[in-house]
Amino acid sequence: MRRNRRHPWLRELVAENRLTAKDLIWPLFVIEGKDRAEPVPSMPGVSRLTIDLLLKAVTEAYSLGIPAVALFPSVDAKLKTPDAREAVNPDNLVCRTVRAIKQHCPEIGVVCDVALDPFNSDGHDGIVVDGYVANDISVEMLSQQALVQAEAGCDIVAPSDMMDGRIGAIRDALDRAGLIHTAIMSYAAKYASCFYGPFRDAVGSTGALKGDKKTYQMDPGNTDEALREVAIDLAEGADMVMVKPGMPYLDVVARVKAEFKVPTFAYQVSGEYAMLKAAIGHGWLDNDKTVLESLTAFKRAGADGVLTYMALEAAKLLRDM
């Protein structure tokens, strides 16, 4: 076996999986204001950006070959309400950011998160009624949220809420509005995971969250259930599916890809990023090698693409190889 490993060029020839910048989607946090970057303490190297600074970041990403960015807002607490009504405001922070990106760099893809937690004073992905996240009421709001995002110009709406039936409802709402080209990337297998902590810090939902999300997101011990979730979402009209979190759930990524053979994505979530960067910061891991090896693992498992906060630095490393 060593003969095929002897030379760098030969290792390249026989490589089974390759990571490229085209495999990456860069999640970005947006805030109100101008010329302001707020570092996220639990995510070294990640900042919340005002729209003007975010546009510069998007331009750099596009120049490096990154095909798409995903937007997540950090909303003023005064705008958060139990009914999350700011989520369906066509002039909210997300919609204004989408319009700005499409005017500034129309070639890059824009993915919008469809979930109510950034806008919900309860910190949940849906509307809470009598202490329980009400599925059908939440689906109505999520459909309206997806609609205003699509009307603003986003290319892909990505429901991350895990309400039952939301993919079919969103597809129907988009089609009835004539937005037939807006794709749906479903967070089809999203687990009630502890790895989301730093993300909740970044969007300001940690303090607001009452209870947990176990009644509507998946049990980390289940994989057969993930296949049922994916099958339902595809039947309802999802164009592509996602597994979240990423590295702790690579077995689920592999099962989904093998079973359905559809575009399958994974999210290297905030807790994974923070964990790796903490070890790197202590000198226990090599940054560049860790970035590329961790992302290559997703490709090996069968992912067609990865949402990762490491997208920009990974693209730079790949460019310089």
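Data block above holds the structure.
Bear in mind the structure is a predicted one, so any value in this text is a computation, not a measurement.

A. Spotlight on the pattern of salt bridges. Enumeration according to the criterion identifies 21 salt bridges in this entry. The partner of Glu 60 in a salt bridge is Lys 316, with the nearest N and O atoms 3.2 Å apart. Of the two residues, Glu 60 sits in helix H2 (residues 51-63) while Lys 316 sits in helix H11 (residues 311-320), which places them 256 residues apart along the sequence. With a closest N to O distance of 3.7 Å, Asp 117 and Lys 213 form a salt bridge. Taken together, the positions of Asp 117 in the loop between strand S5 (109-114) and strand S6 (127-129) and Lys 213 in the loop between helix H6 (197-203) and helix H7 (224-236) put the pair 96 residues apart, joining distant regions of the chain. In terms of burial, Asp 117 and Lys 213 fall into one category: buried. Bridged by salt links that share partners, the residues Asp 117, Asp 125, Lys 190 and Lys 213 form one connected network.

B. Region of the structure containing a nonpolar patch on the surface. Taken together, Trp 9, Leu 13 and Val 14 make up a surface patch of nonpolar side chains, about 350 Å² in accessible area. Note that Val 14 resides in helix H1 (residues 8-14). Given the relative accessible area of 41%, Val 14 is considered partly exposed.

C. Region of interest: unusual backbone geometry. Residue Lys 244 is joined to Pro 245 through a cis peptide bond whose omega torsion reads -5°. Positionally, Pro 245 belongs in the loop between strand S10 (240-244) and helix H8 (250-260). With phi around 50°, Asp 35 is a residue other than glycine that occupies positive phi space. For Asp 35, the position within the fold is in the loop between strand S1 (24-31) and strand S2 (37-39). The exposed category is assigned to Asp 35, whose relative accessible area is 58%. Backbone geometry places Asp 130, a non-glycine residue, at a positive phi of 55°. Among the secondary structure elements, Asp 130 is positioned in the loop between S6 and strand S7 (132-134).

D. The side chain of Gln 149, seen in detail. In this fold, Gln 149 is placed in helix H4 (residues 135-152). On the accessibility criterion, Gln 149 (3% relative accessible area) is buried. What Gln 149 contacts, discounting residues up to four positions off in sequence, is Val 94, Cys 95, Cys 112, Asp 113, Val 114, Cys 154 and Val 157.

E. Region of interest: H4. Its 18 residues place the ends of H4 26 Å apart at the C-alpha level, agreeing with the 26 Å of an ideal helix rising 1.5 Å per residue. For H4, the set of buried residues is Ser 138, Val 139, Met 141, Leu 142, Ser 143, Gln 145, Ala 146, Val 148, Gln 149, Ala 150 and Ala 152. Against helix H3 (93-104), S5, S6, S7, strand S8 (156-159) and helix H5 (166-176) lie the buried residues of H4. Residue Gly 153 follows H4 closely and has a positive phi angle near 120°.

F. Spatial organisation of the pairing of strand S4 (residues 68-73). The buried count for S4 comes to six of six residues, which makes it a mostly enclosed element. Across the two faces of S4 the burial is the same, with Ala 68, Ala 70 and Phe 72 and Val 69, Leu 71 and Pro 73 all buried. As judged from the six bridges shared by S1 and S4, these two strands associate in the parallel manner. Among the inter-strand pairings, Trp 26 is bridged to a residue of S4, identified as Val 69. For the segment spanning S4, H3 and S5, crossover handedness is right-handed.

G. The side chain of Asp 161, seen in detail. Tracing the chain through its elements places Asp 161 in the loop between S8 and H5. Separated by 2.7 Å, the side chain of Asp 161 and the backbone nitrogen of Met 163 make a polar contact. At a separation of 3.2 Å, a polar atom in the side chain of Asp 161 contacts the side chain of Arg 166. For Asp 161, the contacting residues outside a window of four places in its chain are Val 114, Ala 115, Asp 125, Leu 142, Arg 166, Tyr 216 and Gln 217.

H. Local environment of the nonpolar core. Core analysis: the largest hydrophobic core is formed by 113 residues, its most contacted members being Phe 29, Ile 101 and Met 185. Apart from residues no more than four positions distant in its own chain, Met 185 is found in contact with Ile 25, Ile 156, Val 157, Ala 158, Pro 159, Met 240, Met 242, Phe 265 and Leu 307.

I. Region of the structure containing H11. Of all the positions in H11, only Ala 311, Leu 312, Ala 314, Ala 315, Leu 317 and Leu 318 are classed as buried. Looking at the packing, one finds that the buried side of H11 touches S1, H2, helix H10 (287-301) and strand S12 (305-308).

Definitions and cut-offs
Residues numbered from 1 in each chain as written. Predicted model: local features only at pLDDT ≥ 70, side-chain atom pairs only at ≥ 80, totals over all residues. Heavy atoms only, no water. Salt bridge = Lys/Arg side-chain N within 4 Å of Asp/Glu carboxyl O. Helix = DSSP H or I, 4+ residues; strand = E, 2+ residues; numbered from the N terminus. Buried < 20%, exposed > 50% of the residue type's maximum accessible area, 1.4 Å probe, protein only. Patch = residues over 30% accessible without salt bridge, like charges linked within 9 Å, V, L, I, M, F, W, Y side chains within 5 Å. Areas by Shrake-Rupley, 256 points an atom, 1.4 Å probe, with all protein chains shown as cover. Contact = heavy atoms within 4.5 Å. Expected span 1.5 Å × (residues − 1). Pairing = 2+ DSSP bridges. Right-handed = clockwise from strand over helix to strand, strands pointing away. Polar contact = N/O pair within 3.5 Å; in protein donor to acceptor, adjacent residues only side chain to side chain. Core = buried A, V, L, I, M, F, W, Y, C linked by side-chain atoms within 4.5 Å.

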